[in-house]
2 protein chains.
Amino acid sequence: MELLKERIRKDGKIKAGNVLKMDSFLNHQMDIALFGEIGKEFRKRFENETITKILTIEASGIGIACIVAQYFNVPVVFAKKNKTKNIAGETYTSRVESFTSGRVYDIIVSKEFLKSEDRVLIIDDFLANGSALQGLVKLVTAAGATLVGAGIVIEKGFQPGGDLIRKSGIRVESLAIVDEMNEETGIIKFR
Amino acid sequence: MELLKERIRKDGKIKAGNVLKMDSFLNHQMDIALFGEIGKEFRKRFENETITKILTIEASGIGIACIVAQYFNVPVVFAKKNKTKNIAGETYTSRVESFTSGRVYDIIVSKEFLKSEDRVLIIDDFLANGSALQGLVKLVTAAGATLVGAGIVIEKGFQPGGDLIRKSGIRVESLAIVDEMNEETGIIKFR
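All of these numbers come straight from a predicted model, not from anything done at the bench.

With that out of the way, let us pick up helix H4 (residues 131-142) of chain B. An α-helix turns once every 3.6 residues. As a result, residues three or four positions apart point the same way. Along its 12 residues, H4(B) runs 16 Å from first to last C-alpha, staying within 8% of the 16 Å computed at 1.5 Å per residue. Where H4(B) ends, the next residue or the one after it, B:Gly144, has phi of about 70 degrees, a positive value.

Quick look at the structure:
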């Protein structure tokens, strides 16, 4: 998606430790007009698919998932990272290790909102080592739902997540795949 | 907002400890079409105001804020609850105590995304004791930005947050104010 790649080149910041900072438009401040274009692009890529639900994970996946959902006319469910008073009843759980924070945590979704008849599209902002995406896939599997695929805004192609998950037979559509980035020169190479 | 009140009556669940569970359409599964109607309503209520930015807090405020932002053509910034590798540089910080989880935590926003020239509309899903909203107000004040007001989806009118914040001179627009709810009968009374 050319518009997105241009934006990454313009506003993305490469930080030590393979961190790609997109917080001026993607995951702290959010450019809603750009999210609209992202929604249209995912609709195009999954246009022949029947989808009944979009699944994402808090926090930075939620905004994109909600805007994207408008193009599919389906509800969004977000997996939660912390159990609160407000989640009671039966849940599906899986374990995730965050690349960004290094933390290991459980993600949960209420059984009420993920059913065996659902056809699920997973939406997330980043794909790096793939742990969050694999955790979401496990929730879909646990529910006996059909996973149609995953739509990712930015994939770090030099980390193993995307390849691993594609090899397991899951359709992953990433709108921008960064194959190389150089902290010193600031140069980003896309696949 | 009648459509919202009907939905709360139909799908809201009253739980012990004054917890009002809206997770089938508001803060776990999200009804994006309803969020669109919420966006139109906030646009109407703040129609004569110049707004340059919407501020919310992770996680459940993000989805609503993003859909609402489409009606104002402005970016959304969400305050973060946990400091990660991805937030570097200068931040504004304030302290929040969650009614739902009982936790006390800091919320932060990068100084880069909240400027003195901004005219800010705060959007959140719930207002109860008002701690999250007061935390967001402090971030706006710290930035020297102008606070236009706060748009809340559901206010628990029997908890002190809304009245306290209105008395401090802040415009708070709540789309549904629950004045009474009865766990045993399931009856919800709106203001």
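Membership of the largest hydrophobic core comes to 82 residues, with the highest contact counts inside it found for A:Ile38, A:Ile54, B:Ile38 and B:Ile54. If sequence neighbours within four positions are ignored, B:Ile38 has contacts with B:Met1, B:Ile64, B:Val68, B:Val153 and B:Leu175. Grouped together as the second largest cluster of nonpolar side chains are 27 residues, B:Val77, B:Val137, B:Ala150 and B:Ile170 included.

Right, let's get into the relation of the copies chain A and chain B. Superposing chain A onto chain B requires a rotation of 180 degrees together with a translation of 0.0 Å along the rotation axis, leaving an RMSD of 0.0 Å. The relationship between the two copies is best expressed as a two-fold rotation axis.

All names here are of chain A. Here arginine 7 is to be found in helix H1 (residues 2-11). Side chain to side chain, arginine 7 and aspartate 31 meet in a polar contact 2.7 Å long. When sequence neighbours within four positions are dropped, the list of residues in contact with arginine 7 reads Gly12, Phe25, Asp31 and Leu34.

On to the packing of aromatic side chains. If you walk through the whole model with that rule in mind, you get zero aromatic pairs over all chains. The positively charged end of A:Arg171 is found above the aromatic ring belonging to A:Phe46, 4.3 Å away from the centroid.

Reading across the sheet, the seven strands line up as S11(A)-S10(A)-S9(A)-S8(A)-S4(A)-S5(A)-S3(B) and stay open at both edges, with mixed pairing between neighbours. On the outer flanks of this sheet lie strand S11 (188-190) of chain A together with strand S3 (29-30) of chain B, each paired with one strand and no other. Here strand S9 (residues 146-156) of chain A pairs with strand S10 (residues 172-181) of chain A via six bridges, running parallel. Bridge pairing in S10(A) links A:Ile154 to A:Ala176.

All right, on to the interface of chain A and chain B then. Facing 39 residues of chain A, the contacting portion of chain B comprises 39 residues. At the boundary of chain A with chain B, total buried surface from both sides reaches about 3,500 Å², with 58% on carbon and sulfur atoms. Viewed at the interface, chain B and chain A are joined by two salt bridges. Here chain A and chain B share 13 residue pairs in polar contact (both at pLDDT 80 or more) between them. Elements supplying a minimum of two residues to the side of chain A that touches chain B: strand S2 (19-21), strand S3 (29-30), helix H3 (60-69), strand S5 (76-79) and strand S7 (104-110) of chain A. Among the residues making up the side of chain A that touches chain B, the classes are represented as 20 nonpolar, 11 polar and eight charged.

Another aspect to go through is the environment of B:Val76. Note on placement: B:Val76 falls in strand S5 (residues 76-79). Looking at B:Val76, the relative accessible area reads 0%, which means it is buried. Setting aside its immediate chain neighbours within four residues, B:Val76 contacts A:His28, A:Gln29, A:Met30, A:Ile32, B:Ile54, B:Thr56, B:Ala65, B:Cys66 and B:Ala69.

The rules behind each value
Residues numbered from 1 in each chain as written. Chains lettered and ligands numbered in written order. Predicted model: local features only at pLDDT ≥ 70, side-chain atom pairs only at ≥ 80, totals over all residues. Heavy atoms only, no water. Helix = DSSP H or I, 4+ residues; strand = E, 2+ residues; numbered from the N terminus. Expected span 1.5 Å × (residues − 1). Core = buried A, V, L, I, M, F, W, Y, C linked by side-chain atoms within 4.5 Å. Buried < 20%, exposed > 50% of the residue type's maximum accessible area, 1.4 Å probe, protein only. Contact = heavy atoms within 4.5 Å. Least-squares fit on C-alpha atoms with pLDDT ≥ 70 in both. Polar contact = N/O pair within 3.5 Å; in protein donor to acceptor, adjacent residues only side chain to side chain. Phe/Tyr/Trp six-rings, centres within 6.5 Å; stacked < 30°, edge-to-face > 60°. Lys NZ or Arg CZ within 6 Å of the ring centre and 35° of its normal. Pairing = 2+ DSSP bridges. Buried area = accessible area lost by both parts, 1.4 Å probe. Salt bridge = Lys/Arg side-chain N within 4 Å of Asp/Glu carboxyl O. Nonpolar A, V, L, I, M, F, W, Y, C, P; charged D, E, K, R; others polar.

Structural measurements only, silent on function.
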